[in-house]
Amino acid sequence: MSDDARADLRASDADRERVADILRDALAEGRLDMSEFEERLEQTYQARTYGELTPITRDLPAPGVTPPPVVSLHKDAAVDGGRDGDWSGRIVGGEGSSAWAVAVMSGFQRRGRWTVPRRFNCFAFWGGGELDLREANFADGEVVINCVAIMGGMQIVVPPGVEVVVRGIGVMGGFDQREAGIPGDPGAPRVVVTGFAFWGGVGVERKLTKAARRQAKLDRKAALRELHADFRDDVQQAHRRMLEGHKDLLRGRREERRHEPRYED
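A brief structural summary. On a predicted model such as this, the values are computed, not experimentally measured, just so you know. (Residues numbered from 1 in each chain as written. Predicted model: local features only at pLDDT ≥ 70, side-chain atom pairs only at ≥ 80, totals over all residues. Heavy atoms only, no water.)

**A few points about the environment of Pro189**
Argument step 1. Position of Pro189 relative to the elements: it lies in the loop between β11 (174-175) and β12 (190-198).
Argument step 2. Residue Pro189 is classed as buried on the basis of its relative accessible area, which comes to 1%.
Argument step 3. Not counting residues up to four positions away in its chain, the partners in contact with Pro189 are Trp87, Ile91, Phe138, Asp140, Gly141, Val162 and Glu163. (Helix = DSSP H or I, 4+ residues; strand = E, 2+ residues; numbered from the N terminus. Buried < 20%, exposed > 50% of the residue type's maximum accessible area, 1.4 Å probe, protein only. Contact = heavy atoms within 4.5 Å.)

**What about the nonpolar core?**
Argument step 1. Counting 30 residues, the largest nonpolar core has Cys122, Leu133, Ile145, Cys147 and Ile156 as the members making the most contacts within it.
Argument step 2. At the level of secondary structure, the elements contributing two or more residues to this core comprise β1 (100-104), β4 (119-125), β7 (142-150), β8 (153-158), β9 (163-166), β12 and β13 (201-206).
Argument step 3. The leading source of residues in this core is β7, at four residues.
Argument step 4. When near neighbours in sequence (up to four residues on either side) are disregarded, Ile145 contacts Phe120, Cys122, Leu131, Leu133, Ile156, Val191, Val192, Val193 and Thr194.
Argument step 5. Listed in part, the 16 residues of the second largest apolar core include Val19, Leu23, Phe37 and Leu60. (Core = buried A, V, L, I, M, F, W, Y, C linked by side-chain atoms within 4.5 Å.)

**Notes on the pattern of salt bridges**
Argument step 1. In the structure shown here, the tally under the stated rule is 13 salt bridges.
Argument step 2. Between Asp13 and Arg16 there is a salt bridge, with the nearest N and O atoms lying 2.8 Å from each other. Residue Asp13 and its partner Arg16 are both found in helix α2 (residues 13-28); the two are separated by three residues, about one turn of the helix.
Argument step 3. On the basis of relative accessibility, which here comes to 29%, the residue Asp13 falls in the partly exposed class.
Argument step 4. For Asp176, the salt bridge is made with Arg178, and the minimal N-O distance between the two is 2.7 Å.
Argument step 5. Judged by relative accessible area, which is 64%, Arg178 ranks as exposed.
Argument step 6. Residues joined by salt bridges that share partners form a network here, namely Arg111, Glu130, Asp132 and Arg134. (Salt bridge = Lys/Arg side-chain N within 4 Å of Asp/Glu carboxyl O.)

**Quick look at the packing of aromatic side chains**
Argument step 1. Tallied over the entire structure, the rule returns three aromatic pairs.
Argument step 2. When the centroid spacing of 5.8 Å and the interplanar angle of 70 degrees are considered together, the rings of Trp114 and Phe120 count as edge-to-face.
Argument step 3. Here Trp114 falls in the buried class, since its relative accessible area comes to 6%.
Argument step 4. With centroids separated by 5.7 Å and ring planes inclined at 0 degrees, the aromatic side chains of Phe198 and Trp199 adopt a geometry described as stacked.
Argument step 5. Judged by its relative accessible area of 28%, Phe198 falls in the partly exposed class. (Phe/Tyr/Trp six-rings, centres within 6.5 Å; stacked < 30°, edge-to-face > 60°.)

**Description of α2**
Argument step 1. Across its 16 residues, α2 extends 23 Å between first and last C-alpha, which sits within 8% of the 22 Å expected from 1.5 Å per residue.
Argument step 2. Listing the buried residues of α2 in full gives Asp15, Arg16, Val19, Ala20, Ile22, Leu23, Arg24, Ala26, Leu27 and Ala28.
Argument step 3. Gly30, located one to two residues past α2, shows a positive phi value of around 85 degrees. (Expected span 1.5 Å × (residues − 1).)

**Re the pairing of β1**
Argument step 1. Burial along β1 is one-sided: the residues Ala101 and Ala103 are buried and none of Trp100, Val102 and Val104 is.
Argument step 2. In terms of strand pairing, β1 meets β4 through five bridges, oriented parallel. Bridge pairing in β4 places Trp100 opposite Asn121. (Pairing = 2+ DSSP bridges.)

Shown next, in the form of structure tokens:
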């Protein structure tokens, strides 16, 4: 049978319901807005032939196309601070990787997998330094970082869960107090920042690792997918009820037409 001949065939109620199901899925997936959905649904129930039904879903995916799987939001017990979910695994004892750092008109940096000693001394004159503790181990449950900054600056980066105490003195300079006073996680190390800053400063900030930021981004996407799935289910239920109402209306119209008086010429 040619396409032209098929287009002239009368459509059944089941055909119209299949088209309505496709429209409902498209609305839930965001392919149609509410006004487009209502307009096409009305066209569906008014359609009498396949030729009138076909254009309604021509720009929509075929039935059976499923959304991507929803990623679970339930994470393991591991946290960003303790790589194995236990801070005690990062308090390793020993002497530490290095005990001091100096920057004179230059800079220094400690980051990655290193061991913070019980006391770390650093000095910057017309220079700067960075101490990144996010992936570091600790020689003890409490470590002291002593900073002397003369016309220079230092930045200390700690992971979430670590308690920070700031006791430094600044003269025409200062020590960052924003992360001080925040309680630490049970078993997490304590970082005490002391020292002296003259025309300089020592900053302290709390940041996630790159891996943790990637995981947080994945979690946000997963949350959006779950919200979308919940919304889709709600929309499907609402429009299933709407579909039943339209079907009842259609049956009522057919009954009215059956009982209409017929006049013969």
